[in-house]
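Summary of structural features
Here is how the chains run, residue by residue.
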Amino acid sequence: MNMNIVLIGMSGAGKSTLGVILAKALGMDYVDTDIVIQQHEGRLLQDIIDNDGIEKFMEVEEKILSELQLKNCIISTGGSVIYSEKAMNVLKRGGQIIYLHVPYEEIKRRLTNITNITTRGIVIKKGNSLKDVYEERVPLYNKYSDNTLDCSNKDIEHCVSEIIEKIQESHCDNSGSVKSFV
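Rules of the game
- Residues numbered from 1 in each chain as written.
- Predicted model: local features only at pLDDT ≥ 70, side-chain atom pairs only at ≥ 80, totals over all residues.
- Heavy atoms only, no water.
- Helix = DSSP H or I, 4+ residues; strand = E, 2+ residues; numbered from the N terminus.
- Buried < 20%, exposed > 50% of the residue type's maximum accessible area, 1.4 Å probe, protein only.
- Contact = heavy atoms within 4.5 Å.
- Areas by Shrake-Rupley, 256 points an atom, 1.4 Å probe, with all protein chains shown as cover.
- Expected span 1.5 Å × (residues − 1).
- Arc of directions from axis to C-beta.
- Phe/Tyr/Trp six-rings, centres within 6.5 Å; stacked < 30°, edge-to-face > 60°.
- Polar contact = N/O pair within 3.5 Å; in protein donor to acceptor, adjacent residues only side chain to side chain.
- Salt bridge = Lys/Arg side-chain N within 4 Å of Asp/Glu carboxyl O.
- Pairing = 2+ DSSP bridges.

On to the overall build of the chain, then. Looking only at helices and strands, the chain has 9 helices and 6 strands in total. Relative to its full complement of 182 residues, the chain shows a buried share of 48%. Of the contacts made within the chain by residues no fewer than 6 positions apart, 74% connect residues no fewer than 24 positions apart. As presented, the chain carries roughly 9100 Å² of accessible surface, and 49% of it is formed by carbon and sulfur atoms.

Turning next to helix α1 (residues 15–26). Over its 12 residues, α1 extends 16 Å from the first C-alpha to the last, a length consistent with the 16 Å expected when each residue adds 1.5 Å. Listing the buried residues of α1 in full gives K15, L18, G19, L22 and A23. Along the axis of α1, the buried residues cluster in a sector spanning 135°; they form a single face. Backbone geometry just after α1 places G27 at a positive phi near 65°.

With that settled, the discussion passes to the environment of A23. Inspection of the secondary structure puts A23 in helix α1. If we ignore the near neighbours within four places in the chain, the residues touching A23 are M28, D29, Y30 and I74.

Here we take up the packing of aromatic side chains. Overall, the coordinates contain 2 aromatic pairs when judged by the stated rule. Measuring from centroid to centroid gives 5.0 Å for Y99 and Y141, while their planes differ by 25°, and the two rings are stacked. Separated by 42 residues along the polypeptide, Y99 in strand β4 (residues 95–101) and Y141 in helix α8 (residues 130–144) bring together distant segments of the chain. Looking at Y141, the relative accessible area reads 0%, which means it is buried. With 5.6 Å between their ring centres and 65° between their planes, Y104 and Y134 make a pair best called edge-to-face. Of this pair, Y104 sits in helix α6 (residues 104–110) while Y134 sits in helix α8; the two residues are 30 residues apart in sequence, bridging distant segments of the chain. This pair shows no difference in class: Y104 is buried, exactly as Y134 is.

This part covers the environment of K154. With respect to the helices and strands, the residue K154 is situated in the loop between β5 (147–150) and α9 (156–172). Distance from K154 to V102, taken between C-alpha atoms, is 10.0 Å for residues 52 residues apart in sequence. A polar atom in the side chain of K154 sits 2.7 Å from the backbone oxygen of D150.

In total, this model carries 8 salt bridges according to the counting rule given. The shortest N-O distance in the salt bridge between K92 and D146 comes to 3.0 Å. Within this pair, whereas K92 is found in helix α5 (residues 85–93), its partner D146 is found in the loop between α8 and β5, the two being separated by 54 residues in sequence. With a closest N to O distance of 3.3 Å, K131 and E135 form a salt bridge.

Most of strand β1 (residues 4–8) is tucked away: 5 of the 5 residues are buried. Along β1, one buried face is formed by N4, V6 and I8 and the opposite face, lined by I5 and L7, is buried too. Summarising the sheet, β1 and β4 pair through 5 bridges and their orientation is parallel. Considered in β4, the bridge of V6 is made with I97.

What follows deals with α5. Of the positions making up α5, those classed as buried are A87, M88, V90 and L91. Each buried residue of α5 lies within a common arc of 160° when the element is viewed along its axis, so the set occupies one face. Projecting away from the buried face of α5 at angles above 90 degrees are the exposed residues K86 and R93. Buried residues in α5 make contact with β1, α4 (54–66), β3 (73–76), β4 and α8.

Take a look at the structure:
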């Protein structure tokens, strides 16, 4: 396989955790775009957001992701990547995009610790709640995904198995149609 598998979804959906295990299972490289951004900028995501603002953070994210040249990689993205059509087109050109869908209540539960939300670099515009962000992003995740995996009430191994199964199926199916695996 000489394509990338790109994981998108809300913070707390499991992109980083699933990505590492998926890369090991498939013998592929692994890249977490949040870490790439932090290394490039020399500071934490939340520092960029706090000191430079959300707009600047999203500019940095778009620039760095648009310049990535990766092959045969599992790529875990930040939850806000879907705000950049340019970055999403670059990611889509090089691979298959999988949306890890997790219902709002489960995302909220996973991110219950408010310090977790305010320190992990989540793009939440002033005056918006986590629910507002969730409702704004879900249609964008659906728009850009080639496949959707419902991760609610499933353990990591189950999700990884389903992704591998669907990647193999879609690799054999060249119809170009969007698939959903629940």
